[in-house]
Amino acid sequence: MHHTGSQSRRAWLLIGAASTAVLTTTALLGPAMRAGEATSHWDAPATFADKQIDASDLYAFTSPENPDTVTIIADYIPFQIPHKPYDFDTNTRYEVHIDNTGTGRPAITYRWTFKTNSPLPVAPSSIRKRTHQAGPVDSLVEQSYTLTKLQEGKPAQTLVTNGYVAPTDIGPLITPGYSRLRQKAVRDLPGGGKVFTGTAADPFYSDNDAVNTLRFGLRFFPIKSGVPMNVSSLALQLPKSELALGGDASANPVVGIWTTASRKSLGSDHRQVSRLGNPNFNEVIIPLVERDRFNTLRPENDESGGLVGPSTLDPHQAKVVADRVNAQAPPAPRKDLEEIYLTGLTTQRDGPIKEDLNSHLLNRDVSGISRVEELRLNMSTPLAAKPDKWGILKGDKQGYPNGRRLIDDVVTINLRMLLGEPAGKGKPDVVDENSPAFLWKPISGSFPYLALPVTAAP
Amino acid sequence: MIAAAALAGVVLAAHPLGNFSVNHYDGLTVRHDRIEDVAIVDSAEIPTLQEQPTGPADLHARRACEELRGDVAGQAEGRALAWRVEEASFAYRPGAAGLRTSRLTCRLSAPIRVDRPLTLTFANAHRADAMGWREITATGSGVRLRDSSVPSRSMSGELRDYPSDLLSSPPDVRQARLTVEPGSGERGTAASVRGVDVITRYTGMLADRLNAVIGAERLTMPLGLLALLLSLVLGAVHAAMPGHGKTVMAAYLAGRDGRLRDACTVAATVTLTHTAGVLVLGLLVTITASVAGEVVIGWLGVVSGLLIALIGTALLRSALRSRKAGHGHGHGHGHGHGHGHGHRGVVALGVAGGLVPSPSALVVLLGAMALGRTAFGVMTVVCYGLGMAATLLAAALVLRRFRNLTLAGRLRRLRPYTATMTAALVLLVGTGVTVRAVAALI
Amino acid sequence: MTHVRRFLPLLGCLLLGCVLLALFAPGGLLRRDDGPPSRVEGRPKGWSPYELSGYIEDAQEHLRHHPDDAATWASLGGVYLEQARRSADVTYYGKAQGAFECSLRLPADDGGPNIDAVIGMGALANARHDFTGGLRWAEQARKAAPYRWALYGVLTDAYLELGDYEQAQSALRRMLQGRPDLASFTRAARLEHLHGRTGPARTALERAREIAGDPAEYAFVLWQLGELAWSGGDPRAALGFYEQALAADRTHAPSLAGRARAEAALGRTGQALRGYAAAVARSPSFVVEYGELLEHLGDRAGARRQYTVFSGQLKLLAANGINDDLAVGRFEADHGDPDTAVRHLRAEWARRQSVEVADALAWALHRAGHETEAAGYAARAARLGGRDALFAYHRGEIERALGHAGAARAYLAQALSINPHFSPHGAARARAALARLESDAT
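Residues numbered from 1 in each chain as written. Chains lettered and ligands numbered in written order. Predicted model: local features only at pLDDT ≥ 70, side-chain atom pairs only at ≥ 80, totals over all residues. Heavy atoms only, no water.

Turning to the overall build of chain B, a few remarks are in order. In terms of regular secondary structure, chain B is built from 12 helices and 11 strands. By the burial criterion, 51% of the 442 residues in chain B qualify as buried. Here chain B displays about 19,300 Å² of accessible surface, and carbon together with sulfur accounts for 62% of that area. (Helix = DSSP H or I, 4+ residues; strand = E, 2+ residues; numbered from the N terminus. Buried < 20%, exposed > 50% of the residue type's maximum accessible area, 1.4 Å probe, protein only. Areas by Shrake-Rupley, 256 points an atom, 1.4 Å probe, with all protein chains shown as cover.)

What follows is the structure, encoded as structure tokens:
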């Protein structure tokens, strides 16, 4: 008879053990695995509960399997608990901007707006009574989106109406055949390209040592790990010709990209409440007291705004971090950081990084540029045969800060750039280069590259 | 509207927990024939004022305790306990601003019989909506408390001395779950961490220590030994956690008449396989830029499950065959049904048990490697495996003893079937593990 | 027969296996992911840094190891403050203060004090009715970081309570421009309501409702919607909102009280009394309201008990050096000594000149027989053009005492048309007074 007891307990525990696996790892990894984990979260506590407008990451890279196109992924609403649905804000414009002239003015803007498919006002999904287990649950309230393309001097073009937003995977009772739902959320755009909108496993990962050094000045196991939670992704795959200045991607290959969320205020005006270009820029370069302000700034005002330029030239955080790791940060003014974050790498401005890589000045039809913070991508950089997660620090010119791929270890790269690379010697060994990565959900080889949502921990 | 809400905020703490709090404590004592609950309700100034008793204090105490009794629920092995109020007292104590606080003490008891291991649950839903401190403790007296979700000592001195500390929140424990068994001596539980069971708590503490040691600036000899010891313990605990086929192994070994040599072989194999597995996975993770742990561990789970299922099939076949062959020999002659596949089966089981690397061992190894302490990391992992083996060995030995006991009794006539039962069990578990692992992958 | 017996154990095992498979296999009755009910590794299931409790645990744990992290101290203080607001548990105010002070003692990276701790201290001062203090902290924050939007919330609240509505409006405008979010929408609704613009107030709250981040925030917004409906004289709609608020957070005390108030207006007295009892057990803010209903229903003893609680509460406040003169004055004017009320309210008026204080002082002066002066304050209470039935009733009674029958009739009628249920006792008196005035006129 004792078989029964031990057997059923064993089965119970087996289930428990499986679900603890990831959490064990996270618990072992300690304080790094908190809100400060993803790139843009430990900035403004005012955003703490306002997750709908919290942009966590922006990726932009030449699509590896479709090199005539560029993939852009903007992630919002990080740290989604598996099985729990989260909604986009229906009064917010989620936008991805493309600047192909180097002025900070968006030449093209892709705008998502959302609507909740319910006749009655409903509480946000994350609030409605719902347990994580299958059980009596109210039906999933779906959202749909409209994608509009805005261009200077042209009428707005609606690319998608009533688009399907992939919900999170709530299990077979509510979201049966989940992989089909994912397929349904990927659709072609008129004029070429694709779009995916919806929940996916958060592809962000970082080196715990780098995060801890940057934030707490503590050394930690240099192991790379992600968060076993989900994000809401806005992903586009677009022909390069559509983005390039004059439609000529070979002559004008450089584009600057950023994402913003603008929420309707009580009038009819929309207020920009969130902005993200280069990862970590807001919380590492911009001082704490100005971080909220940065979120409201438009790149075209960066040069005149008196915030972005001076902060980049003399980031307070550089000294703090340098002290913590016994290194010497280059003295201000940090022309190298200006080149990396505000102008792009070019030899034409006598910057300390002598390389023509991703400045708008490389565009044939551009003669002068402004210093603005954008994630700059040279679309003509050939695909790396062996992509390196250290990006340009290891000579992989296709990697961050030339755009950002899903595999780039941006936190470490930013840390090292803050300490002086690649213009100077810096401190390349500040984080162990051979530190292992231990990721739970692999990215895939084709658009949208994102793994299906994390369900329970495996 | 806001002014009204804010008023609550102005009330500054006179009672250490806010003068609007109603604080609960339940001190459970399990005896061989009953379970006692000292239930204390410490009301701060305002609730005391709100519930001014009418009539004499002892009558009020009696009434209040009867009400509390109605809100207290307990179960022994799923059967509801019948609580009785044994004693009730009510007293005022001086509070702030010339007001009073009050303290209601109820002694409840319910009959149980601890003549075998019992699982008890307890829940106190008295004034569930009121805010305040809620604490439960449990001890055994004349019985052994084997497992308890609550600590044995009150951290507030039974609601007399509330620790105030910026980095802790008042506990909110409303339920307890204990396992008691006949015997004496008590295994007290450590200082309470809210809502965390003992194993998890200790494991977490150990893992923290281990990480701290390995990450230390200088690795001295005592520190190193401490780390190895810690990993040994962690390994043992890890194996005691589910998912290592130890039931299977123990059953199998018992089915093979519990030869000590076999048990040792299994233990050694488990250690070896697990160490090798962690090393290989660690290497894989280090060489390739990123390995999807979910997938690797998933596949290892499938392999492990298939292996167990395979062993189960082989066992079943041989058991059935030997039963057919040995029918004429009569009862009590169960030897021989394991001979068919001898050592191979034992080793295979060990492999299956050690195949899925534990993530924590992997993390430890990777951390050590990253700090240039690879050799030390490997040693830690070996210790980890040894710890696991020790647990498995212990499980097998216990089962062997148990088996001898039962076989001495009337279960003896089941003897011829044990081989079949074992085999079927192994097969089933193997199938289950495989199906589960495959499902996780899809 | 023997065959059957021989295979019985085997069958048993198979059956057991099938049952287990049916239970635990993917798609089986028990899903893979509904793990054991306990927490795993110290984390509740569904842990997320976005959830308040999850965040508190993490921050506490982090600060235990790194007590010199000013930013985390500040944000922990902020979360404690939020916890206090949500649970009405005042212990958290002390904790919040401690955390903010820890943060302020540490040098921030940029030399000055941590800006979030400064803002937090302001919010805490407001929560404790120290609005000048709140203003001071917020102004300090504004100098250091004019773009830290949270400070404008503190600023708006402080100005609102101090009666400087223009400054409040401009602080709020800044906030709405910088970050339209739940914090700014709910404050906008309050300001619109004070100006009698119900439609815009409702719009702002509907917007807030859509972006509420968790159940407690949602309950707060729904409660505000309920209050808006209630003050507009629609108890049925108000009841609906309160119910929704309670569905999201069943312990939300203001909604419990609101529901009770609405039920009393709808004539469901039994439910109303039960509701109030639940509300005052959660938060002391509603004892006077509860007492007034009891008194209106003829239960004088019950009402007196609630009033005693209120006095006790005031004593506790005074013992802590806090004098909430507005609350004392309002209470004394209706249920105590009008002269005392006037004394308290004059003191309060010297500190802050909000419409609420003006109305309370006018009413107290009326009760004490100083009608002319009362009329002046009543006019001040109406200076924003807000639609408040109680204010209008007070003004009507004052005009009646002055012998201005026409004005009295107009105000009393206005009170009853804004909200015929504004107070159980007041509404009845207003009706009676109006009837007498009408009959005098004819």
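After that view of the structure, there is still more to cover.
Residues and elements named next belong to chain B. Inspection of the secondary structure puts Ile35 in strand S2 (residues 34–43). A relative accessible area of 2% means that Ile35 is categorised as buried. Taking the C-alpha atoms as reference points, Ile35 and Pro111, separated by 76 residues in sequence, lie 6.3 Å from one another. Those residues in contact with Ile35 that lie beyond four places of it in its chain are Thr29, Val30, Leu81, Trp83, Leu108, Ser109, Ala110, Ile112 and Leu120. (Contact = heavy atoms within 4.5 Å.)

Residue and element names in this part refer to chain C. Taken domain by domain, chain C comprises domain 1 (4–179), domain 2 (283–323) and domain 3 (334–441). If you look at the interface, domain 1 gives six residues, while domain 3 gives eight residues. Summed over both sides, the interface of domain 1 with domain 3 buries roughly 500 Å², with 49% coming from carbon and sulfur. Among the residues of domain 1 in contact with domain 3, Glu161, Leu162 and Tyr165 are the three that bury the most area, contributing 76% of the side total. Taken together, the links from domain 1 to domain 3 amount to one salt bridge. (Domains from an automatic or database assignment. Buried area = accessible area lost by both parts, 1.4 Å probe. Salt bridge = Lys/Arg side-chain N within 4 Å of Asp/Glu carboxyl O.)

Before going further, it helps to examine the packing of helix H22 (residues 405–418) of chain C against helix H23 (residues 424–441) of chain C. Residue and element names in this part refer to chain C. With their axes 9 Å apart at the nearest point, H22 and H23 run at an angle of 140° to one another. Where H22 crosses over H23, the two elements pack in a sense that is left-handed. Side by side, H22 and H23 meet where Ala405, Ala408, Arg409, Leu412, Ala413 and Leu416 of the first sit next to Ala427, Ala430, Arg431, Ala433, Leu434, Leu437, Glu438 and Ala441 of the second. For the contact of H22 with H23, the residue count by class is 11 nonpolar, no polar and three charged. (Axes fitted to C-alpha atoms, helices over the stretch in contact; angles between N-to-C directions. Left-handed = near helix turned anticlockwise from the far one by under 90°. Nonpolar A, V, L, I, M, F, W, Y, C, P; charged D, E, K, R; others polar.)

Further remarks concern a nonpolar patch on the surface. Residue and element names in this part refer to chain B. Side chains of Leu229, Leu232, Val233, Val382 and Leu386 sit close together on the surface and give an oily, nonpolar patch of about 370 Å² of accessible area. The set of elements that each furnish at least two residues to the nonpolar patch consists of helix H5 (221–240) and helix H11 (374–408). At three residues, H5 tops the list of elements feeding residues into the nonpolar patch. Inspection of the secondary structure assignment puts Leu386 in helix H11. Judged by its relative accessible area of 43%, Leu386 is partly exposed. (Patch = residues over 30% accessible without salt bridge, like charges linked within 9 Å, V, L, I, M, F, W, Y side chains within 5 Å.)

Once that is clear, we can look at the state of the cysteines. All names here are of chain B. One pass over the structure, following the stated rule, counts one disulfide over all chains. Note on cysteine connectivity: Cys65 is disulfide-linked to Cys106, with sulfurs 1.9 Å apart. Of note, the bridge from Cys65 to Cys106 carries an S-S torsion of about -85° and is left-handed in sense. On the criterion of sequence distance, the pair formed by Cys65 in helix H3 (residues 57–71) and Cys106 in strand S6 (residues 100–111) is long-range, its members being 41 residues apart. (Disulfide = S-S within 2.5 Å.)

Across soluble globular proteins, nonpolar side chains show a tendency to be buried alongside one another. In terms of nonpolar packing, the biggest core is built from 94 residues, with Ile72, Ile98, Tyr110, Trp112, Leu147, Leu243 and Tyr341 of chain A touching the most fellow members. Setting aside chain neighbours within four positions, we find Tyr341 of chain A in contact with Asn278, Phe281, Ile285, Thr312, Val372, Glu373, Glu374, Arg376, Tyr400, Asn414 and Met417 of chain A. If you look at the next biggest cluster of nonpolar residues, it comprises 91 residues, including Tyr152, Tyr159, Ala188 and Ala262 of chain C. (Core = buried A, V, L, I, M, F, W, Y, C linked by side-chain atoms within 4.5 Å.)

Let's shift gears to the pattern of salt bridges. Summed over the entire model, instances satisfying the criterion amount to 52 salt bridges over all chains. Of the charged contacts in the structure, one is a salt bridge between Lys149 of chain A and Glu242 of chain A, with a shortest N-O distance of 3.0 Å. Of this pair, Lys149 of chain A sits in strand S5 (residues 143–151) while Glu242 of chain A sits in helix H4 (residues 240–243), and the two are 93 residues apart along the sequence. Neither Lys149 of chain A nor Glu242 of chain A differs from the other in exposure class; each is buried. Glu51 of chain B serves as the salt-bridge partner of Arg127 of chain B, at 2.8 Å between the closest nitrogen and oxygen. With a gap of 76 residues between them, Arg127 of chain B in the loop between strand S7 (118–124) and strand S8 (134–140) and Glu51 of chain B in the loop between helix H2 (45–50) and H3 connect regions that are remote in the sequence. For Glu51 of chain B, a relative accessible area of 37% puts it in the partly exposed group. If you follow the salt bridges from partner to partner, you end up with Glu161, Arg190, Asp325, Glu348, Arg351, Arg352 and Glu356 of chain C in one network.

Turning our attention to the packing of aromatic side chains. Residues and elements named next belong to chain A. All told, the structure shown has 22 aromatic pairs over all chains when counted by the stated rule. When the ring of Phe447 is compared with that of Tyr449, the centres are 6.3 Å apart and the planes differ by 85°; the resulting orientation is edge-to-face. Taken together, the ring pairs in this structure connect Tyr76, Phe88, Tyr94, Phe114 and Tyr145 into an aromatic cluster. (Phe/Tyr/Trp six-rings, centres within 6.5 Å; stacked < 30°, edge-to-face > 60°.)

A few words now on helix H10 (residues 335–343) of chain A. Residue and element names in this part refer to chain A. Of all nine residues making up H10, eight are buried, and the element is well covered by its neighbours. For H10, the complete set of buried residues consists of Asp336, Leu337, Glu338, Glu339, Ile340, Tyr341, Leu342 and Thr343. Buried positions along H10 lie against helix H5 (281–285), helix H8 (308–313), strand S14 (375–378) and helix H11 (410–418). Of the residues one or two after H10, Gly344 is the one with positive phi, at around 85°.

Residue and element names in this part refer to chain A. With an omega of 5°, the peptide bond between Tyr400 and Pro401 qualifies as cis. Inspection of the secondary structure assignment puts Pro401 in the loop between S14 and H11. Going from Glu421 to Pro422, the amide bond is cis rather than trans, its omega being -5°. Following the sequence through the fold, Pro422 ends up in the loop between H11 and strand S15 (437–439).

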